[in-house]
Amino acid sequence: MATKAAPKAASADEAKPKKSKTLIIVLALVILLGGGGAGAWYFMTQKAAAPAHAPEKHAEEAKPPVFLPMEAFTVNLQAENGEQFLQTTFTLQVADQAQVELIKLYMPHVRSRMLLLLSGKKASEILSVDGKNKLADEILEIFKQPFTPQGPTIKVSNVLFTSFVVQ
């Protein structure tokens, strides 16, 4: 009879590891499914939130540009091969109508700075495409500096030459 009791004890020991393995597998599946569900929820809410912001950016991009044509500038250039002149007109691209009004308000300052900038150039500096691009960048820099102490800066995004004659 002692031999029969030993097999019963062995089968009881085998049942405990099966229950613990099953319990571990079930817990791992619950954790895995919970993590997957949380990940899915996170990504679904991020995708839902993204379109809410997208129309705002699209609305900003959809605004038509605002342009301000400037009057012609005629200046003597720095002497290289005798007297040379520059006559140019350009158009400024700005963010909105408020920027146009600021430029008009400070137009005497704008024209003075432009004349000083243009009259300090040599014909050889501005005849090439790279020279014109550099000049456009320098014109943009003029607007980044306030025209009066503590005054507003004017936001000009582009300078578009409409006429450019060196004689």
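Everything below is about the structure printed above this text.
Parameters and conventions
- In every chain, residue numbers begin from 1 and rise along the written sequence.
- Since the coordinates come from a predicted model, pLDDT governs what is reported: local features require at least 70, and pairs of side-chain atoms require 80 or more to be given and counted, while whole-chain, interface and lining totals use all residues.
- Only hydrogens and water are set aside when side-chain values are computed; all heavy atoms of the structure are taken into account.
- Elements are defined by DSSP. Helices are runs of H or I of four residues or more, strands are runs of E of two residues or more, and each kind is numbered from the N terminus.
- The length a helix should cover is 1.5 Å for every residue beyond the first.
- Categorising residues by exposure relies on relative accessible area from a 1.4 Å probe, with only protein chains included: less than 20% of the type maximum marks a residue as buried, more than 50% marks it as exposed, and the intermediate range marks it as partly exposed.
- In this context, the arc is that of the directions from the helix axis out to the C-beta atoms.
- Pairs of N or O atoms are called polar contacts if they sit within 3.5 Å, as long as, within protein, a hydrogen donor faces a hydrogen acceptor (for residues adjacent in sequence, only side-chain-to-side-chain pairs).
- A contact between two residues is defined here by any heavy atoms of the two lying within 4.5 Å.
- When a carboxyl oxygen of Asp or Glu is within 4 Å of a side-chain nitrogen of Lys or Arg, the pair counts as a salt bridge.

Caption draft 1: Representation of helix α3 (residues 107-119) within the structure. For α3, with 13 residues, the first-to-last C-alpha span of 18 Å sits near the 18 Å given by 1.5 Å per residue. Those residues of α3 that sit buried are Val110, Met114, Leu117 and Leu118. Relative to the axis of α3, the buried residues are bounded by an arc of 90 degrees and lie together on one face. Those residues of α3 that are exposed and angled more than 90 degrees off the buried face are Pro108 and Leu116.

Caption draft 2: Structural context of the side chain of Thr88. Within the secondary structure, Thr88 sits in strand β3 (residues 85-94). Thr88 gets classed as buried once you look at its relative accessible area, which sits at 0%. In this structure the side chain of Thr88 is engaged in a polar contact, spanning 2.7 Å, whose partner is the backbone oxygen of Ser163. Those residues in contact with Thr88 that sit more than four places away from it in its chain are Glu71, Ala72, Phe73, Leu118, Phe161, Ser163 and Phe164.

Caption draft 3: Fine view of the pattern of salt bridges. Within this structure, the stated rule accounts for two salt bridges. Ionic pairing is found between Lys121 and Glu138, a salt bridge with its closest N-O pair at 2.5 Å. With a gap of 17 residues between them, Lys121 in the loop between α3 and α4 (123-126) and Glu138 in helix α5 (residues 129-144) connect regions that are remote in the sequence. Here Glu138 falls in the partly exposed class, since its relative accessible area comes to 21%. Of the charged contacts, one joins Lys144 and Glu141 as a salt bridge, the two residues approaching to 3.3 Å between their closest N and O atoms. On the criterion of helical spacing, the pair formed by Lys144 and Glu141 is a turn pair, its members being three residues apart in helix α5.

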